[in-house]
Amino acid sequence: MHADRFDNQMAFDLLARPEHQHLLYGALKAAQVTKYHPQFEDCVTVAHLTWLSAYQNYAPELPANLPDFRKFAFRRIKWRTVDYLRKQTLRTQSQVNLEHALPITIDPMTEQETHW
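Structure report, in brief. (Residues numbered from 1 in each chain as written. Predicted model: local features only at pLDDT ≥ 70, side-chain atom pairs only at ≥ 80, totals over all residues. Heavy atoms only, no water.)

1. With respect to the side chain of Gln 56
Link 1 in the chain: Looking at the element boundaries, Gln 56 is found in helix α3 (residues 40-57).
Link 2 in the chain: By relative accessible area, which is 17% here, Gln 56 ends up buried.
Link 3 in the chain: Separated by 3.0 Å, the side chains of Gln 56 and Asn 8 make a polar contact. (Helix = DSSP H or I, 4+ residues; strand = E, 2+ residues; numbered from the N terminus. Buried < 20%, exposed > 50% of the residue type's maximum accessible area, 1.4 Å probe, protein only. Polar contact = N/O pair within 3.5 Å; in protein donor to acceptor, adjacent residues only side chain to side chain.)

Below is the structure:
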């Protein structure tokens, strides 16, 4: 493993290059996330964190294998973003509508405690 692989500043300096910013937003676009998407800012944050994770977990030495790392990072960002959006959709679908939650009653614990 590369000696300074866990240096976050180096990872974000590498990400600050224009070609890597293009890669990051290209991966978001491949995941169907545009700047008009309601969760665009969240997805950009997820993409930045995924870039950092990819940088830390990429086994071959950098910068010698930079072209292969770009491919690796692109795939990781795309699929992590897709997973994030899927989980957000499932979370939204499983929430109870407030109109339906109003008549739900919660049984007092005293009845349960007497049973014990």
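2. Here's the deal with the side chain of His 20
Link 1 in the chain: For His 20, the location among the structural elements is in helix α2 (residues 18-30).
Link 2 in the chain: On the accessibility criterion, His 20 (0% relative accessible area) is buried.
Link 3 in the chain: There is a polar contact of 2.9 Å between the side chain of His 20 and the side chain of Arg 70.
Link 4 in the chain: In contact with His 20, not counting residues within four places along its chain, are Leu 14, Leu 15, Trp 51, Leu 66 and Arg 70. (Contact = heavy atoms within 4.5 Å.)

3. Considering the packing of aromatic side chains
Link 1 in the chain: Counting across every chain of the model gives five aromatic pairs.
Link 2 in the chain: Between Tyr 25 and Phe 40 the ring centres are 6.3 Å apart and the planes differ by 25 degrees, which places this aromatic pair in the stacked class. With Tyr 25 in helix α2 and Phe 40 in helix α3, this pair connects stretches of sequence that are 15 residues apart.
Link 3 in the chain: Look at Tyr 25 and you get partly exposed, because its relative accessible area is 36%.
Link 4 in the chain: For the ring pair Trp 51 and Phe 69, a centre distance of 5.1 Å and an interplane angle of 80 degrees mean the geometry is edge-to-face. Here Phe 69 lies in helix α4 (residues 66-94) and Trp 51 lies in helix α3, a separation of 18 residues in the sequence.
Link 5 in the chain: For Phe 69, a relative accessible area of 0% translates into the label buried.
Link 6 in the chain: Each member of the aromatic cluster is reached from another via a ring pair, and the members are Trp 51, Tyr 55, Tyr 58, Phe 69 and Phe 72. (Phe/Tyr/Trp six-rings, centres within 6.5 Å; stacked < 30°, edge-to-face > 60°.)

Purely spatial values, then, with no claim about function.
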